[in-house]
Amino acid sequence: MAHRGRYAADPQLSARMGLTVFLLGAVYVIAIAVLIAVGVNAIVVIVIALGFLAFQYFGSEKAVLYGMNARVVTPAEAPELHAIVDRICALADLPKPRVAIADTDVPNAFATGRTPSKAVICATTGIMRRLEPEELEGVLAHEMAHVAHRDVAVMTIASFLGVLAGLVTRFVFYSTMFGGFGGGRRNRDDKDNTVALLFAVMVVSVIVYAVSFLLIRALSRYRELAADRGGALVTGRPSALASALTKISGDMGAIPTRDLRHAEAFNAFFFTPALASGFSLSSLFSTHPSLDKRLAQLSKISAQLGGTAAGVR
Amino acid sequence: MGLLDTLLGRNKPVKANLDALFGVPSAAITLEAAMGLRPVGAGSVAVKITEGAAFAAAHTEALGLLRFDPQATVTETQDDYGFRWSTVRTGADRVGELVTALHGANTSYAGAGLGPALLCTTVGFAGEVAGTQRSLALVYLYKRGTFYPFAPTGPQQRDSAFELEVRGALGEDLPVEPDLNRWFPVWGAPGLS
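Residues numbered from 1 in each chain as written. Chains lettered and ligands numbered in written order. Predicted model: local features only at pLDDT ≥ 70, side-chain atom pairs only at ≥ 80, totals over all residues.

## Here's the deal with the overall build of chain B
Note the cut-off: Each helix is a run of H or I in the DSSP string that is no shorter than four residues. Each strand is a run of E no shorter than two, and both are numbered from the N terminus. Between the two quantities, the radius of gyration covers C-alpha atoms and the globule rule is 2.2 Å times the number of residues to the power 0.38. Note that contacts rest on C-beta atoms placed from the backbone: two residues are in contact if these are within 7 Å.
In terms of regular secondary structure, chain B is built from five helices and eight strands. The order of α-helices and β-strands along chain B, N terminus first, is α-α-β-α-β-β-α-β-β-β-β-β-α. Against the 2.2 N^0.38 benchmark of 16 Å for 193 residues, chain B shows a C-alpha radius of gyration of 17 Å, consistent with a compact globule. Overall size of chain B, expressed as C-alpha extent along the three principal axes, is 55 × 45 × 30 Å. Pairs at least 24 apart in sequence give 70% of the contacts found in chain B among residues at least 6 apart.

## Considering the sheet that holds strand S5 (residues 132-141) of chain B
Strands pair in a sheet through their backbones, by hydrogen bonds, and they do so in one of two ways: parallel or antiparallel. Let me state the cut-off plainly: Two strands make a pair as long as DSSP finds a minimum of two bridges between them. For helices, the fitted line uses only the C-alpha atoms of the stretch in contact; every axis is such a line through C-alpha atoms, and the angle between N-to-C directions lies from 0 to 180 degrees.
Strand order across the open sheet formed by six strands is S2-S3-S1-S4-S5-S6 (chain B), with antiparallel pairing between neighbours. The strands lining the two open edges of the sheet, one partner per strand, are strand S2 (73-78) and strand S6 (146-150) of chain B. Mean inter-strand twist for the sheet, computed between neighbouring axes without regard to direction, equals 20 degrees. In terms of strand pairing, S2(B) meets strand S3 (residues 83-89) of chain B through six bridges, oriented antiparallel. Bridge pairing links B:Val74 to B:Val88 in S3(B). Taken strand by strand, helix H3 (residues 79-92) of chain A contacts strand S1 (38-48), strand S4 (118-129) and S5 of chain B, and its axis lies near 115 degrees from that of S4(B). The sheet contacts of helix H2 (residues 24-35) of chain B involve S1, S4 and S5 of chain B, and relative to S4(B) the element is tilted by about 25 degrees.

## Here's the deal with the sheet that holds strand S2 (residues 98-102) of chain A
All names here are of chain A. Pairing within the open sheet is mixed, and its four strands lie in the order S1-S2-S4-S3. Only two strands of the sheet have a single partner each, and these edge strands are strand S1 (70-72) and strand S3 (109-112). Strand-to-strand twist in this sheet, taken as the mean axis angle between neighbours without regard to direction, amounts to 25 degrees. Relative to strand S4 (residues 120-124), S3 runs antiparallel, the two sharing four bridges. Pairing of Ala-111 across the sheet is with Ile-121, part of S4. Sheet strands in contact with helix H5 (residues 133-148) are S3 and S4, and its direction is about 20 degrees off that of S3.

## A short note on the interface of chain B and chain A
What counts here: Following the grouping adopted for this structure description, the nonpolar residues are Ala, Val, Leu, Ile, Met, Phe, Trp, Tyr, Cys and Pro, the charged ones are Asp, Glu, Lys and Arg, and the polar ones are all others, Gly among them.
If you look at the interface, chain B gives 32 residues, while chain A gives 42 residues. Of all the secondary structure elements, the ones that give two or more residues to the side of chain B that touches chain A are helix H1 (3-8), helix H3 (53-66), helix H4 (95-114) and S4 of chain B. Within the side of chain B that touches chain A, the residues separate by chemical class into 15 nonpolar, nine polar and eight charged.

## Some points on the nonpolar core
Note the cut-off: Definition of nonpolar core: a set of buried Ala, Val, Leu, Ile, Met, Phe, Trp, Tyr and Cys residues joined via C-beta atoms within 7 Å. Any residue whose C-beta has 12 or fewer other C-beta atoms within 10 Å is treated as exposed, any with 20 or more as buried, and any in between as partly exposed, C-beta atoms being built from the backbone.
Membership of the largest hydrophobic core comes to 122 residues, with the highest contact counts inside it found for A:Ile88, A:Cys122, A:Leu140, A:Met144 and B:Val139. Among the elements that take part in this core, helix H7 (residues 188-235) of chain A stands out by supplying 11 residues, more than any other. Aside from chain neighbours lying at most four places away, what touches B:Val139 is B:Cys120, B:Thr122, B:Phe147, B:Tyr148, B:Phe150 and B:Val186. Formed by five residues, the second largest nonpolar core is a distinct cluster that contains A:Ala31, A:Val201, A:Val204 and A:Val208.

## Quick look at the confidence of the model for chain A
Residue and element names in this part refer to chain A. So the rule is basically this: How sure the predictor is of each residue is captured by pLDDT, a score from 0 to 100.
Put simply, chain A has an average pLDDT of 74, and 65% of its residues get 70 or more. Element-level pLDDT for chain A is lowest in helix H9 (residues 257-263), with a mean of 45, against a maximum mean of 93 in H3. Note on residues 1-6: pLDDT under 50 across the span, and 12 contacts to partners over four residues away in sequence or across chains. Note on residues 180-185: pLDDT under 50 across the span, and nine contacts to partners over four residues away in sequence or across chains.

## Points about the confidence of the model for chain B
Fine structural detail should not be taken from predicted coordinates in areas where pLDDT scores are low. With 93% of its residues at a pLDDT of at least 70, chain B reaches an overall mean of 88. Scoring the predicted complex yields pTM 0.80 and, for the interface, ipTM 0.88.

## A few points about the environment of B:Glu76
Residue and element names in this part refer to chain B. Along the chain, the position of Glu-76 falls in strand S2. Since 13 C-beta atoms lie within 10 Å of it, Glu-76 is described here as partly exposed. As for Glu-76 and Pro-190, which are separated by 114 residues in sequence, their C-alpha atoms are 8.9 Å apart. Contacts of Glu-76, omitting those with residues within four sequence positions, involve Arg-84 and Ser-86.

In structure tokens, the structure reads:
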């Protein structure tokens, strides 16, 4: 169809995300291979890491809601919020998530839940006070796009490697301190070998941790851009989302850090990150793309949506 | 959504499914026989007002199609959530024409590439049921190709029991949305009474 271009996926964004996912997977495979090659009891480590993963995967929505002091609200309690979510779901053909409100003046919103049917979408009282209904709709559509893209599941599984590498580092560190893996049964030569081996494992783990950390951050930024894009296409109003982003980013920097420190652990789920130190952190380490990048993408989508039949690819 | 789409964070716009609308006239006969509800002869199309010139052009075209029937009157309203409601009134005995007009407007939006922006279409019913005057909308969800009954009884109140009763009466005539969470209220939808 001639008009499909208006709602088409961004091939560049898809390509970058694909590459990131591929690299993460590659690092993961190499790490496991190296661990097994040097003879670490990889099974034990993986089982522990899988336990962490399962906890994160199955407990995420409860933990996040509890941590943010959020409360699930009924349509009677928050009719307008529910109405906006209802309409987004109808437009995007998604099952309706539970709707929650967090009683904090930090202007933010987040979505959690590993599948669309188990999702919870939450807005803070601060964001509802500051934004026009249209802007709030843009923000909630962004969060619903996270749900549709299954970002909680993807990011939890992606961060698995980081957790694994961190565990290996700690595991090896403590075993070196308490006399190595094998205990006293080995002779001196073996023990020297073991120490060298453990040192190698630790170096590998640290490298894996660092690389996977950067890759996960990159992946998170791409997922944010994809959610901006998905949300803007569903509502058909990228400029409303852009204006919400501008408003909130200004506010987020201006708010005292005391409130924000509490929220920082949940940044990965947020609409705009609550950074106590402002926005000066290197973009390489940040979970969200820069405001400029997000606004640039949204204005591109706006031009795409507004294009007449002739102007659309 | 496929695994690849999940990994790459893409969403495909959902295509509208329009043909189920033509089931409304036979459902109207069933509803009248079973519950005494008659069509009020009005229906609305709700579409998200998207940015840019493309929307204005598509909307003008759709309105033109609605006005094609000389006996019909067309009114426009905009709700608080940024949706444009175009309401057609054809008269109670011309449900077939009403549905054709609504279908035409929908097809026109979809043809202009605005299928993803279509929210719902409503067809109004009213009648005296068990001594009470009732109004009811059959709400058609494009993306699902299903209908659900919506029976407002006040500004923010709906009669869910009555809606479920209507679902039972509709039976096989129309595809009814099975997920009750998607029966969202369209308070103040035009053309309901």
